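# Fold and geometry: a report
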Amino acid sequence: MKEGSALQGVLSEREERVEGFFRSLQQEIVSRFEAFEKGTVKFQQDAWKREAGGGGLTCVLQGGDVFEKFGIGFSKVTGECLPPSASARRQHIAGQAFLAMGVSLVAHPCSPHVPTSHMNVRYFRTRDAVTGEPVWWFGGGYDLTPYYPRVADCVHWHQVARAVCDQHYGRAFYEQLKKSCDDYFHIKHRGIARGIGGVFFDDLNQPEFEQVFAFVRDLGGSFIDAYAPIVEARQQEPYGEQERAFQLYRRGRYVEFNLVYDRGTLFGLQSGGRVESILMSLPPLVRFDYGWSDAPDSPEARLESEFLVPRDWANLAVDNTGDESQLT
């Protein structure tokens, strides 16, 4: 039997638990965020299979009153050879067969006052090209992309993530994952961050499987605690044509990052994945305006100057009696 065929066989007991968690997390998030639409629209659930091995379930909500588009997908795929996006930084596994599974979501709200949000948790298994020993790791994280940010929301987002890191690995781990997130979600050709960050990790397999899996479960589950209160607080705030135009313009930055740098997008396309599911992360509407310029000292200008720079959000004091859009 070829190595690739072996990887496409029966999952181990612990991998069955990982798949079970990913599938349940997907449905928990679908249920929680579908409730925001109060029955007016629901997630379309689209099961699919991949000819080269594997399949998944893509759930997409479109045209809601709160979410213009919210996509969350589960996938489990296998292949005979890791694509370049996965092996470029890991030469010891280049050319090996693989198993990859995970859950990934992107929420594009209607209101410019509600940030766009992304979350991903994933598991990989392959083999060392020299020793033949199994190689596995988890990766993932979540980040926030606001248009008209509130300091309180940024602080809340990071404090939820920090609490999970503290529980499993200690304070230094959050600082490490926050920096990884700031570094990764950086639009290099524009020299600016995509959003206000969060946490991001890859190649996590220490100290042992059960502790890593416990952390991944809690981090994935904490996404609802991190994001839902922000949606609740901001969804009814009024906005006009100027705010909507700015939101669509800034969505262009999101598209640029996902199509040029995002490893998940590149891995999916290079491994022959289902294009419709891979590109569900893109917003339904976007603007690419030539020569866009924000008025000095405007809320639009402050997004880049005050928020899209690395900050110690989790330790920032917030004066809730003042203007939450201002840094204190």
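Note that this is a predicted model, so its numbers are computed, not measured.

This part is about the nonpolar core. Ile29, Phe33, Phe67, Phe70, Phe138, Phe215 and Tyr227 are the most contacted members of the largest nonpolar core, which totals 70 residues. With 13 residues, helix H6 (residues 209-234) is the largest single contributor of residues to this core. Those residues within four positions of Phe33 in sequence are excluded, and the remaining contacts are Phe43, Phe67, Phe70, Phe223, Ile224, Tyr227, Ala228 and Val231. Counting residues in each nonpolar core, the second largest holds 10 residues, with Leu82, Ala100, Phe124 and Trp137 among its members.

Bringing the packing of helix H2 (residues 13-34) against H6 into the picture now. As a packed pair, H2 and H6 sit with axes 11 Å apart at the nearest point and diverge in direction by 5°. Overall, the two elements H2 and H6 adopt an arrangement that is roughly parallel.

What follows is about the environment of Ala301. Along the chain, the position of Ala301 falls in helix H10 (residues 299-307). Ala301 sits 85 residues away from Val216 along the chain, and the two C-alpha atoms are 36 Å apart. In this structure Ala301 touches Asp294 and Ala295, once residues within four positions along its chain are discounted.

The subject of this paragraph is the packing of aromatic side chains. Going through the model one piece at a time under the given rule, you end up with 38 aromatic pairs. Pairing Phe246 with Trp292 gives two aromatic rings, centres 6.3 Å apart and planes at 40°, and the pair type is tilted. Of this pair, Phe246 sits in helix H7 (residues 241-260) while Trp292 sits in the loop between helix H9 (275-278) and H10; the two residues are 46 residues apart in sequence, bridging distant segments of the chain. Connected via pairs of aromatic rings, a cluster forms that spans Phe33, Phe36, Phe43, Phe67, Phe70, Tyr142, Trp157, Phe223 and Tyr227. In this structure, Arg14 packs its charged tip against the face of Phe209, placed 4.3 Å from the ring centre.

Among the 13 residues of strand S3 (residues 67-79), 11 are classified as buried, and the element is accordingly described as predominantly covered. When strand S2 (residues 54-62) meets S3, the two strands line up antiparallel, connected through nine bridges. Of the residues in S3, the one forming a bridge with Gln62 is Lys69. With antiparallel pairing between neighbouring strands as the criterion, S2 and S3 make up a hairpin whose turn holds four residues, including Gly63 at a positive phi of roughly 70°. Here 12 bridges tie S3 to strand S4 (residues 98-109), and the two strands are oriented antiparallel to one another. Bridging across to S4, Ile72 finds its partner in Leu105.

Definitions and limits used
Counting of residues starts from 1 at the beginning of each chain's written sequence and follows it residue by residue. Totals for whole chains, interfaces and linings use every residue, but because this is a predicted model, local features are given only for residues with pLDDT of at least 70 and side-chain atom pairs only at 80 or more, for both listing and counting. Derived side-chain values reflect all non-hydrogen atoms in the structure, with water molecules and hydrogen atoms excluded from consideration. Residue types Ala, Val, Leu, Ile, Met, Phe, Trp, Tyr and Cys, when buried and joined through side-chain atoms within 4.5 Å, form a set referred to as a nonpolar core. Exposed residues in this analysis have more than 50% of their type's maximum accessible area, buried residues have under 20%, and partly exposed residues fall in between, with area computed by a 1.4 Å probe over protein chains only. Counting from the N terminus, the helices are the DSSP runs of H or I reaching at least four residues and the strands are the DSSP runs of E reaching at least two. Only heavy atoms matter for contacts: two residues are in contact if any of them lie within 4.5 Å across the pair. Lines fitted to C-alpha atoms define the axes, with helix axes restricted to the stretch in contact, and inter-axis angles between N-to-C directions lie between 0 and 180 degrees. Working definition: roughly parallel below 35 degrees, roughly antiparallel above 145 degrees, roughly perpendicular at 65 to 115 degrees, and oblique for all remaining angles. Ring geometry is summarised as follows: Phe, Tyr and Trp rings, the Trp one being its six-membered ring, pair when their centres sit within 6.5 Å, and such pairs are stacked at plane angles under 30 degrees, edge-to-face over 60 and tilted between the two. Only when the NZ atom of a Lys or the CZ atom of an Arg is both within 6 Å of the ring centre and within 35 degrees of the ring normal do we say a charge sits over the ring. Following DSSP output, two strands are said to pair if at least two bridges run between them.

All we've got here are geometric facts, nothing functional implied.
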